[in-house]
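Each chain is listed here by its residues.
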Amino acid sequence: MEENATVWEVFIQSKNGLAHKHAGNVHASDKVMALENARELYTRRNEGSCIWVIKSEYIVSSETEDSEAFFDPSNDKMYRHPTFYTMPEGSKHI
Amino acid sequence: MNEKYFQDRIDAEKKIEPKDWMPDDYRKHLIRQISQHAHSEIIGMQPEGNWITRAPSLRAKMILLAKVQDEAGHGLYLYSACETLGISREKLVRQLHEGKAKYSSIFNYPTLSWADMGAVGWLVDGAAIVNQVSLQRTSYGPYSRGMVKICKEESFHQRQGYEIMAEMAKGTAEQKAMAQDALNRFWWPSIMMFGPQDSDSPRTGNAMKWKIKRQTNDALRQDFIDKTVGQAEVIGLTIPDPDLKWNEVRQSYDFGEMNWDEFWSVVNGNGPCNKQRLAHHKKAHDQGKWVRDAAKAYAKKQELVAN
Amino acid sequence: MSSLFTYTLRIADSSLILGQRMSEWCSNGPTLEEDIAMSNISLDMFGQANGFYQYAAQLDGTKSADELAFRRNEREFFNHQLVEQENRDFGTTMVRNFLHDVFNFLFYTELSKSKDETLSALASKSLKEVKYHLRHSSNWLVRLGDGTGESNTKVQDALKELWMYTGELFEMDNLDTELLNNGIAVDNSALKSEWDSIVNKTLVKAKLTRPEDAYMATGGKKGLHTEYLGFILSEMQFLQRAYPDAKW
């Protein structure tokens, strides 16, 4: 039985200056091929200015079960958001 | 507990993601549906691929090739979505070859003239788009995101088909006859693409409850027919259904009986091209094996050098 | 028929026929990703062909680009014989494309300096695409040459078989020379040493042996072809020929 191909995650920067965004994945046996396959599949309509590929096995993800522990603690730290603060009436450019 | 939490999330229109807990049957249903969808895109390349080398102008050649290429891309997006459920693309392809996985029966009909490229784009893609637009709201995150991307890219597919039909319908007498013939052959198989009537569709219950499917087969079919009838009129072609009639009360078209014997016969492997389509796919896959093996061997050697 | 018209047609014909060959791969690729890659190459070739045919049609003044592509006979096609050779298998296709891509890369680099502004612009646009094609075919040549024993044998055999079609790429006839003297055409013969150097380097990397230069086929510029072209055209031109009054 044929062994499975290596899966690579693809991140595309759509325009210079923007962040790379996850686009999907491709199969490829080596990194050069992964980059080329990503180009063929995910930039057929002018979507890209730069591509990153990384073997899927290297992605580490948080677990759904952990999501409360991971993300809820930041809920009550509203002082990290600019809207938390009261500015004097009439003040500008702040 | 899990089951209740899961259903609550579904009911609250939350997306289910790969790492979330899900009932086994939900996973199985998704694998079956997404892989069938992926295989349909891939097998669907063949009936249109059949005409790429014979396309009648440079423009037509490029459009058709780009469209069939999109189908390969869409198959790939869908295999990706399916892989997030813990099954490899290799295994999915094996299931296809072993006859354990199905693909849409529409692709078991032959494409016999250039007008069929019009009919396939206009009707088959048109029907697929109605279904896919609805599936953008499916509950499984990767499937939903795949659908969003596919719908965005497919918007030109139906238009290019309709353009071919429109051009041929106003062309020479021979061209118009070809266009009408293509419509005659593809109309009924296209509206049967939505699957059995709701009363005969055993899996619809769970699929609706889990919001994998968002609209029933019959609702989607009606939507497609209502959209398409006017388009046929505009280009002067006749839909081959004597019972087709506007129903003032329902604000929809009534239509004739579909031939379900033929539908099930094609689903069960007796369509004009079932064997041919699968043999074509297997052959390409088998003939590519030495290439895939070589690429893997090369990659291993490179890794050794790098380490 | 002006020399410039014929010169432009020759370029268009090679692009069209290679595009046609590559489009035969659609739904037959060794992987889905590669299927998509080959369609992209084919689309680039058709786009190039279209550009050069449009220009030829403009120079001719009586025929459209489509008429040039779909209403000429085998003896009126001027493509390189290399590009009409069968795909056979993925390895053969990559070898054929590689040999032609190296030529195209050098050819378009020079043609982009042509005094004829349209040719120069078309060449610059094509060059970007051809650079990518060359990358693609070179990478595959190396993977297959340095992959398994089986893959090495396959591409080595293909290389031996196709080698005889490479001589033609560098030929110069009177028409080429006339246009070269006007600063319009490329000196094909001058591309040979650079072609040799790129090909040799890649073959070493791919663990492949360069075949001996022996008999070289010739004739494309005169409309003489291998038997394959007739079949390519009869398939490609079928609708235009069967329904001469129809518009598509």
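In what follows, the structure referred to is the one given above.
Residues numbered from 1 in each chain as written. Chains lettered and ligands numbered in written order. Predicted model: local features only at pLDDT ≥ 70, side-chain atom pairs only at ≥ 80, totals over all residues. Heavy atoms only, no water.

(A) Inspection of the overall build of chain C at higher detail. Check the secondary structure of chain C and you find eleven helices and zero strands. Each helix and strand of chain C, ordered N terminal to C terminal, gives the series α-α-α-α-α-α-α-α-α-α-α. Computed over C-alpha atoms, the radius of gyration of chain C comes to 18 Å, within 12% of the 18 Å expected from 2.2 N^0.38 for 248 residues, which places it in the range of a compact globule. Summarising its shape, the C-alpha atoms of chain C cover approximately 55 × 40 × 30 Å along the three principal directions. Going through the 248 residues of chain C one by one, you find that 62% of them count as buried. Restricting the contact set of chain C to residue pairs at least 6 apart, pairs at least 24 apart contribute 79%. For chain C, the accessible area works out to roughly 9600 Å², and carbon and sulfur atoms hold 51% of it. Averaging the locations of the 26 positively and 36 negatively charged side chains of chain C gives two centres separated by 3 Å. (Helix = DSSP H or I, 4+ residues; strand = E, 2+ residues; numbered from the N terminus. Rg over C-alpha atoms; globule rule 2.2 N^0.38 Å. Buried < 20%, exposed > 50% of the residue type's maximum accessible area, 1.4 Å probe, protein only. Contact = heavy atoms within 4.5 Å. Areas by Shrake-Rupley, 256 points an atom, 1.4 Å probe, with all protein chains shown as cover. Lys, Arg positive; Asp, Glu negative; His and termini not counted. Charge placed at Lys NZ, Arg CZ, Asp CG, Glu CD.)

(B) Region of the structure containing the packing of helix α4 (residues 58–83) of chain B against helix α7 (residues 141–169) of chain B. Residues and elements named next belong to chain B. In the contact formed by α4 and α7, the axes pass within 10 Å of each other and the chain directions differ by 165°. When the axes of α4 and α7 are compared, the pair comes out roughly antiparallel. Pair α4 / α7 crosses with left-handed handedness. On α7, the residues touching Arg59, Ile63, Ala66, Lys67, Asp70, Glu71, His74, Tyr77, Leu78 and Ala81 of α4 are Pro142, Tyr143, Met147, Lys149, Ile150, Glu153, Glu154, Phe156, His157, Gln160 and Glu163. In the contact of α4 with α7, the residues fall into ten nonpolar, three polar and eight charged. (Axes fitted to C-alpha atoms, helices over the stretch in contact; angles between N-to-C directions. Parallel < 35°, antiparallel > 145°, perpendicular 65-115°, else oblique. Left-handed = near helix turned anticlockwise from the far one by under 90°. Nonpolar A, V, L, I, M, F, W, Y, C, P; charged D, E, K, R; others polar.)

(C) Layout of the side chain of Glu153(B). Structurally, Glu153(B) is set in helix α7. The class of Glu153(B) is buried, set by a relative accessible area of 6%. In this structure, Glu153(B) is in contact with Arg44(A), Arg45(A), Glu47(A), Asp70(B), His74(B) and Tyr77(B), ignoring residues within four places of it in sequence.

(D) The interface of chain A and chain B, seen in detail. Every contact between the two is made by 23 residues of chain A and, on the other side, 26 residues of chain B. Buried area between chain A and chain B, both sides added, is near 2000 Å², and the carbon and sulfur share of it is 42%. The interface formed by chain A and chain B includes five salt bridges. Between Asp70(B) and Arg44(A) there is a salt bridge, and its shortest N-O distance comes to 2.7 Å. (Buried area = accessible area lost by both parts, 1.4 Å probe. Salt bridge = Lys/Arg side-chain N within 4 Å of Asp/Glu carboxyl O.)

Any link to function would need more than the numbers given here.
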